[in-house]
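Here is what each chain is made of, one letter per residue.
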Amino acid sequence: CTSLVAARTIAKASAAQYGIKVTYMPYIMKAVAQGLLEFPQLNAELDEEAQEIVVKKYVNLGIAVDTPNGLVVPVVRDAPLKSILQLSVELGDIAVRAREGKLRPADFKDSTFTISNAGNIGGVLATPIINFPEVAIMGVHVMRKMPRCVGEKIVARDVMNLSISIDHRLVDGADGARF
């Protein structure tokens, strides 16, 4: 995550002049979106009635948002097609509208994969629950300085745990780990 911290520092300063808040989440969203293109079996659902696996041709990310009324999961559509700044703007918009209770029914439709961020409340590791009918969800946890080996030296590095829950009826555990 040390490289991520450096990239975000640059983008944060640049975007601030346009009133855009850049957090780590848009970087994670972009990486997840790209990963889903590489591992489409995680971007699918099981149509139980038809008894078939439906692999989605689009990537729409459900983003879990903690609100005064509980957790909600609005959707950012077509994530792979958007830049970090575009994702930042959309993420900020849905988070504000979620906390103000101003989301519309359309804001919750067609998610193909969900990201839950417990890092902003200090979470170190969790097992998030899959947002049905999706087949996987990723948990993002707090970033902190940890000792790591770089060559022959032990140095402080920024480290963040990620967790994934997958529906093993559709996704092989090895593919979930590779993702």
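Reading guide: rules and limits
- Per chain, residues are indexed from 1 in the order of the written sequence.
- A pLDDT threshold of at least 70 governs which residues receive local features in this predicted model, and a stricter bar of 80 or more applies before side-chain atom pairs are shown or counted, although totals over entire chains, interfaces and linings include all residues.
- Only heavy atoms go into the side-chain values, all of them from the structure, while hydrogens and water stay out.
- Throughout, nonpolar core names a set of buried Ala, Val, Leu, Ile, Met, Phe, Trp, Tyr and Cys residues whose side chains join them through atoms within 4.5 Å.
- Summary of the burial criterion: residues with accessible area below 20% of their type's maximum are buried, those above 50% are exposed, and those between are partly exposed, where the area comes from a 1.4 Å probe applied to protein chains only.
- Only DSSP runs of H or I covering at least 4 residues are called helices, and only runs of E covering at least 2 are called strands; the numbering of each starts at the N terminus.
- Any Lys or Arg side-chain nitrogen found within 4 Å of a carboxyl oxygen on Asp or Glu counts as a salt bridge.
- When checking whether two residues touch, look at their non-hydrogen atoms; a contact exists if any pair is within 4.5 Å.
- Expected helix span is taken as 1.5 Å per residue step, with the number of steps being one fewer than the number of residues.
- Directions pointing from the helix axis toward each C-beta atom define the arc.
- A pair of Phe, Tyr and Trp rings is counted when the ring centres sit within 6.5 Å of each other, with Trp represented by its six-membered ring. The angle between the planes then sorts it: under 30 degrees is stacked, over 60 is edge-to-face, the rest tilted.
- A ring has a charge above it when a Lys NZ or an Arg CZ is no more than 6 Å from the ring centre and no more than 35 degrees off the ring normal.
- In protein, a polar contact means a hydrogen-donor-capable atom and an acceptor-capable atom, both N or O and within 3.5 Å, with residues adjacent in sequence counting only if both atoms are side-chain atoms; elsewhere, any N or O pair within 3.5 Å suffices.
- The pLDDT value expresses, per residue, how confident the predictor is, ranging between 0 and 100.
- Think of it this way: DSSP has to see at least two bridges between two strands before they count as a pair.

**Some details on the nonpolar core**
- The biggest cluster of nonpolar side chains holds 30 residues, and the ones touching the most others in it are Met29, Val32, Leu42, Leu61, Ile63, Phe113 and Ile115.
- Contributing elements (two or more residues each) for this core: helix H2 (25-38), strand E3 (61-63), helix H3 (84-99), strand E7 (113-117), strand E8 (136-150) and strand E9 (153-166).
- Take this core: its biggest share by element is six residues, from H2.
- Formed by seven residues, the second largest nonpolar core is a distinct cluster that contains Ile20, Val22, Tyr27 and Ile84.

**Structural notes on the pattern of salt bridges**
- Counted under the stated rule, the structure contains ten salt bridges.
- Arg97 is the partner of Asp107 in a salt bridge, and the nearest nitrogen-oxygen pair spans 2.8 Å. Remark: Arg97 occurs in helix H3 and Asp107 occurs in the loop between H3 and E7; sequence separation between them is ten residues.
- Judged by its relative accessible area of 9%, Asp107 is buried.
- Put simply, Asp93, Arg97, Arg104 and Asp107 are held in one network by salt bridges that share partners.

**Some details on the side chain of Ser88**
- Here Ser88 is to be found in helix H3.
- Judged by relative accessible area, Ser88 falls into the buried class, the value being 5%.
- Those residues in contact with Ser88, other than ones at most four positions away along the chain, are Ile20, Lys21, Val22 and Pro26.

**Re helix H1 (residues 2-16)**
- Between its first and last C-alpha atoms H1 spans 21 Å; for 15 residues at 1.5 Å apiece the expected length is 21 Å, and the two agree.
- All of the buried residues in H1 are Leu4, Val5, Arg8, Ala11 and Ala15. Taken down its axis, H1 places every buried residue within 135 degrees of arc, on the same side. Projecting away from the buried face of H1 at angles above 90 degrees are the exposed residues Ser3, Ile10 and Ala13.
- Packing partners of the buried residues in H1 comprise H2, H3, E8 and E9.

**A word on the packing of aromatic side chains**
- For the coordinates displayed, the defined rule picks out two aromatic pairs.
- Three or more aromatic residues joined by ring pairs form one cluster here, namely Phe39, Phe113 and Phe179.
- Directly above the aromatic system of Tyr24 lies the positively charged group of Arg8, at a separation of 4.5 Å from the ring centroid.

**Concerning the side chain of Lys82**
- For Lys82, the location among the structural elements is in the loop between strand E6 (75-76) and H3.
- Under the relative-accessibility criterion, Lys82 is labelled buried at 17%.
- One polar contact links the side chain of Lys82 to the main-chain carbonyl oxygen of Arg77, over a distance of 2.5 Å.
- Look past the residues within four positions of Lys82 in its chain and what remains in contact with it is Lys30, Val76, Arg77, Leu87 and Glu90.

**Considering the confidence of the model for the chain**
- For the chain, per-residue confidence averages 92 on the pLDDT scale, and residues scoring 70 or more make up 100% of the total.
- Of all helices and strands in the chain, the one with the weakest mean pLDDT is H1 (84), whereas E6 scores best (98).

**Describing the sheet that holds E7**
- Taken in spatial order, the five strands make up an open sheet running E6-E3-E7-E8-E9, and their pairing is mixed. The two strands at the open ends of the sheet, each matched to only one other strand, are E6 and E9.
- Here 13 bridges tie E8 to E9, and the two strands are oriented antiparallel to one another. From the neighbouring strand, Met143 faces E9, where its bridge partner is Met160.

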